[in-house]
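# Reading the structure
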Amino acid sequence: MDFIHRPRRLRRTESIRRLVRETKLSLDDLIYPLFVVPGTGVKEEIPSMPGIHHFSLDLLMCEIEELVELGIGGIILFGLPESKDEKGSSAWAEDGIVQRACRRIKSEYPGLLVITDVCLCQYTSHGHCGVIKDGYVQNDVSLEYLARVAVSHAQAGADMVAPSDMMDGRIKAIRRKLDETGFKEVSIMAYSAKYASSFYGPFRDAAHSAPQEGDRSTYQMDPANSNEALREIELDIKEGADIVMVKPALAYLDIIRRVKDNINFPLAAYNVSGEYAMVKAAAEKGWLKEKEVALEILTSIKRAGAEIIITYWAKDVVDWLKSN
Ligand code: PBG
């Protein structure tokens, strides 16, 4: 060739850049997490997650109204119960915090996609995601309880349940129980490749769910593993998951891409609390620009292959995309 290849031609103006842009973030991709607490009149900012609040149900409804107006299509609910015990029984109480929230939200906003996080850690006195015997988190007994939690959420009107406990066989146990109790249409988003990550730190402050002793490495995945993520995802698909997830997102973009390339299935990624908090903290110090960095992170998650992104930035993204 006697001329220079000039890729810069397609970067010359914003309108050309828009035309050839390969990844476009959309509001349709996003799910917004919400934390519901007992009481009334509560709207308290979570210190380690600026902009994210604990809501009592009355004020949660105001927040939901705002989200619906903004055009956010889906939320994922986390509850902080009034009481905890060894088994986490407040997680499947008919009048439990998430169950009440779900009923109310679905009665007022039937069109809003309501997903519930299914786990025991916020509800157990020891803070683990399953029940403990002889100092070890027991798998098979925990399945029974997790299935009860999922059914109680379905009874309250949840469209989708999202088990985040990482016990073996939970998708099968939950799918079977949902089918038996008449909830064949309730879908399951499985936290399939969920790593034992320190990026969950701010969430555990927010959800009061840090384990009292030990850590979660006997059930959540080793951050060093990649092949295992594919195995976990294949298992969850076989057991009946409708959507699979990689979590966290930012330090695991390679996993997202690998799953996308190897497995043809709806894929979600969780842009977790630590990923949010570190950008917030740096932005507060004036060290980087929150909007630009957040959009870059979210775009990278989508570019890596996630179709669905759970993110604490969902509300901000609405404004950001408008002004872009
Ligand atoms: C509950 C659960 C956790 C998150 C979602 N569901 C915490 C954990 O496993 O310790 C983390 C979410 C976040 O960090 O934003 N098992």
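Shown above is the structure to which this text applies.
Residues numbered from 1 in each chain as written. Predicted model: local features only at pLDDT ≥ 70, side-chain atom pairs only at ≥ 80, totals over all residues. Heavy atoms only, no water.

## A few points about the overall build of the protein
Formally: By the criteria applied, helices consist of DSSP H or I runs no shorter than four residues and strands consist of E runs no shorter than two, each listed in order from the N terminus. The reference for a compact globule is 2.2 Å times residues^0.38; the radius of gyration itself is calculated from the C-alpha atoms. Buried, partly exposed and exposed residues are distinguished by accessible area as a fraction of the type maximum, computed with a 1.4 Å probe on protein chains only: under 20%, between the cut-offs, and over 50%, respectively. Here, two residues are considered to be in contact whenever any of their heavy atoms come within 4.5 Å of each other. Per-residue accessibility takes into account occlusion by the displayed protein chains alone, with areas from the Shrake-Rupley method and a 1.4 Å probe.
On a plain count of helices and strands, the protein comes out with eleven helices and twelve strands. Here the C-alpha atoms of the protein give a radius of gyration of 20 Å, agreeing with the 20 Å that 2.2 N^0.38 yields for 324 residues. By principal-axis analysis of the C-alpha atoms, the protein measures approximately 75 × 45 × 40 Å. Evaluated residue by residue, the protein yields a buried proportion of 53% over its 324 residues. Considering only intrachain contacts with a sequence separation of at least 6, the fraction spanning at least 24 residues in the protein is 73%. For the protein, the accessible area works out to roughly 15,100 Å², and carbon and sulfur atoms hold 49% of it.

## Considerations on the side chain of Ser 152
Examined against the element boundaries, Ser 152 turns out to sit in helix α4 (residues 139-155). Classification of Ser 152 by relative accessible area gives buried; the value is 4%.

## Details of the site of the ligand
The criterion, for reference: We call a residue near a molecule or strand whenever a single non-hydrogen atom of that residue lies within 4 Å of it. We define a polar contact as two N or O atoms separated by no more than 3.5 Å, with the added condition that, inside protein, one atom must be a possible hydrogen donor and the other a possible acceptor, whereas residues neighbouring each other in sequence contribute only through side-chain atom pairs. Only Asp, Glu, Lys and Arg are considered charged, only Ala, Val, Leu, Ile, Met, Phe, Trp, Tyr, Cys and Pro nonpolar, and every remaining residue, Gly among them, polar.
Lining the immediate environment of the ligand, one finds 18 residues, of which Lys 194, Arg 204, Lys 247, Ser 273 and Tyr 312 sit closest. Taking Lys 194, its side chain carries an N or O atom lying 2.6 Å from an oxygen atom of the ligand. Contacts to the ligand include Ser 273, whose side-chain N or O atom sits 2.7 Å from an oxygen atom. Coverage of the ligand by the protein amounts to 100% of the 400 Å² it exposes when considered alone. Counted by class, the shell around the ligand contains ten nonpolar, three polar and five charged residues.

## As for the environment of Glu 44
Note on placement: Glu 44 falls in strand β2 (residues 43-45). Residues Glu 44 and Ser 56 lie twelve residues apart in sequence; the distance between their C-alpha atoms is 9.3 Å. When residues no more than four places from it in sequence are discounted, the contact partners of Glu 44 are Ile 52, His 53 and His 54.

## Observations regarding the packing of aromatic side chains
Let me state the cut-off plainly: Only Phe, Tyr and Trp rings take part, Trp by its six-membered ring, and two of them pair if their centres are within 6.5 Å. Stacked means planes under 30 degrees apart, edge-to-face means over 60, and tilted covers everything else. Lysine NZ or arginine CZ positioned within 6 Å of the ring centre and within 35 degrees of the ring normal marks a charge as sitting over the ring.
Applying the stated rule across the entire model yields ten aromatic pairs. Considering the side-chain rings of Phe 78 and Phe 203, the 5.0 Å spacing of their centres and the 75° angle between planes classify their relative orientation as edge-to-face. One end of the pair, Phe 78, is in strand β4 (residues 74-79); the other, Phe 203, is in helix α6 (residues 201-207), and 125 residues separate them in sequence. Directly above the aromatic system of Tyr 191 lies the positively charged group of Lys 194, at a separation of 5.2 Å from the ring centroid.

## So, unusual backbone geometry
Following Lys 247, the chain continues into Pro 248 via a peptide bond in cis, with omega recorded as -10°. Looking at the element boundaries, Pro 248 is found in the loop between β10 (243-247) and α8 (253-262). Unlike most non-glycine residues, Met 166 shows phi in positive territory, near 65°. By the secondary structure assignment, Met 166 is in the loop between β8 (160-163) and α5 (170-180). If you check the backbone angles, His 208 has positive phi at about 50° while not being a glycine.

## Observations regarding α8
Here is the rule we go by: This arc is built from the directions going out from the helix axis to the C-beta atoms.
Of all the residues in α8, the buried ones are Ile 255, Ile 256 and Val 259. When α8 is viewed along its axis, its buried side chains cluster within an angular range of 100° and face the same direction. In this structure, the buried residues of α8 make contact with α7 (227-239), β10, β11 (267-271) and α10 (290-304).

## Here we look at the pattern of salt bridges
Which entries qualify depends on this criterion: Only one rule defines a salt bridge in this text: a Lys or Arg side-chain nitrogen within 4 Å of an Asp or Glu carboxyl oxygen.
Taken as a whole and judged by the stated rule, the model has 16 salt bridges. One salt bridge in this structure joins Asp 165 and Arg 170, with 3.2 Å as the shortest N-O distance. Its relative accessible area of 2% is what places Arg 170 among the buried residues. Here Lys 260 and Glu 307 are joined by a salt bridge, their closest N and O atoms 2.5 Å apart. Residue Lys 260 is located in helix α8, and its partner Glu 307 is located in the loop between α10 and β12 (308-311); the two are separated by 47 residues in the primary sequence. A single salt-bridge network, built from bridges that share partners, covers Glu 14, Arg 17, Arg 18 and Arg 21.

Nothing here speaks to function; it is geometry throughout.
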